[in-house]
Structures are given as structure tokens and as C-alpha cells.
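# Structural features, examined
Listed below are the residues making up each chain.
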Amino acid sequence: MKTSYPPFKHSLVTGLLTFFTIAVTGFFGTLQAQANCSLACTEMTQISLDGNCDTEVTYDMMLNAQMTSCPGGSFEVSVMQYKNGPILPSSPFVNKEHVNQTLTVEVMDMHSRNKCWGKILVEDKIPPAIYCQDDTLYCYEMRNYRGPLATDNCQKAAFLHSS
């Protein structure tokens, strides 16, 4: 005996199959896009802190433009002490606590989950400012003279001492 389905069930089954086909096609399209995402990070990048003594590390600073191909990529940057180590609390920012340190940076495409790693050397390249006043001192006053005031971008103000 042949079973016949009422028209609404047939439409429902056809609709579900069509939806499933679209979902699978969309899914495989996403997989193909993910497979086309290749990342290449620069081996070492120098990062200079700004006037506020901090800087955000961005994917543009880390990715090698000639070797990276990730159409429609959406990137997340993580800064850590070493590869696969804990992410720094300030990540993706570095600040005065990181001056003269070499840190590891991970760049991950959020769609494909592909990753690459590179290193950064954090530097403060803004020179100190020295504030001099016109002073006339007698030789015996030099012993107590504190010198001019100097401030640096990432350090406290200090007096320069003459020896």
C-alpha cells in the first residue's frame, strides 16, 4: 500500500531540506573561507610607548603584509610573557611596566581560529625633559645644589646631580 502525505507535510519536508542544503552550503563556504586564511607574524617588532607611557599593540603592527592572506579577517591580539603563557592583564596594551622587556604577541583570526606569534621589544623613546633655571652660586653652595629638575616620559621627576 502506498502512503501519501498531505500537501503541508510535503512542503514542510521540502522546506526543511532546502534550509538544510542552504545551511550546509553556508557551512562549507565558511570552512572554505577559513581554509583560505593564512597568517604570518613578524619575528620581532619594536614598540615605542606614547606620551602617556602606554601603547596598544595592534594586528597591523604584528602581521607581515606580504605573507598574510586572510580575506574578511577579524583579529584578536593578546600580549603575554611567553608563547602560550598567561595573557597580561593590560593586554593588548603595554605600558611603563614593560619597558625593555621582550614579550610574545599572539594574533588570532576570530573566524578561522588561525594564529601566529611574534615578539615585541617595548621601548620608551621619548627623551627626558630637563628644566634649568638661571642661578648664581658660590663655590661653597655647590655642595647643597640639587641640580636641574628632569622628567622622563615613564619615570618620576628627579633632580640631576653633578659630581
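Residues numbered from 1 in each chain as written. Predicted model: local features only at pLDDT ≥ 70, side-chain atom pairs only at ≥ 80, totals over all residues. Heavy atoms only, no water.

## Remarks on the state of the cysteines
- If you walk through the whole model with that rule in mind, you get three disulfides.
- With a sulfur-sulfur separation of 2.0 Å, Cys37 is cross-linked through a disulfide to Cys70. Taking the sign of the torsion about the S-S bond as the criterion, the disulfide between Cys37 and Cys70, at about -95°, is left-handed. Of the two residues, Cys37 is situated in the loop between α1 (7-35) and β1 (44-48) and Cys70 in the loop between α2 (59-62) and β3 (75-80); the sequence distance between them amounts to 33 residues. Here the two residues Cys37 and Cys70 agree in accessibility, since each one is buried.
- The connectivity of the disulfide bonds within the protein can be written as 1-4, 2-5, 3-6, using the sequence rank of each bonded cysteine. (Disulfide = S-S within 2.5 Å. Helix = DSSP H or I, 4+ residues; strand = E, 2+ residues; numbered from the N terminus. Buried < 20%, exposed > 50% of the residue type's maximum accessible area, 1.4 Å probe, protein only.)

## Quick notes on the environment of Met80
- Within the secondary structure layout, Met80 lies in strand β3.
- Exposure remark for Met80: the relative accessible area of 2% places this residue in the buried category.
- In this structure the C-alpha to C-alpha distance between Met80 and Glu106, which are 26 residues apart in sequence, comes to 8.0 Å.
- Beyond its immediate stretch of four places on either side in the chain, Met80 contacts Gly85, Pro86, Ile87, Leu88, Leu103, Thr104 and Glu106. (Contact = heavy atoms within 4.5 Å.)

## Let's talk about the side chain of Thr45
- Its location among the elements puts Thr45 in strand β1.
- Side-chain polar atoms of Thr45 contact the side chain of Thr42, separated by 2.8 Å.
- Apart from the residues within four sequence positions on either side, Thr45 is in contact with Met61, Met62, Lys119, Ile120 and Leu121. (Polar contact = N/O pair within 3.5 Å; in protein donor to acceptor, adjacent residues only side chain to side chain.)

## Some thoughts on unusual backbone geometry
- Pro92 follows Ser91 through a cis peptide bond whose omega is 5°.
- Of note, Pro92 is situated in the loop between β3 and β4 (93-95).
- A positive phi angle, close to 70°, is found at Asn100, a residue other than glycine.
- Tracing the backbone through its elements, the reader meets Asn100 in the loop between β4 and β5 (102-109).
- On the basis of relative accessible area, Asn100 is assigned to the exposed category, the value being 62%.
- With phi around 70°, Arg113 is a residue other than glycine that occupies positive phi space.
- The residue Arg113 is located in the loop between β5 and β6 (115-123) in this model.

Function cannot be read off these values alone, since they describe shape.
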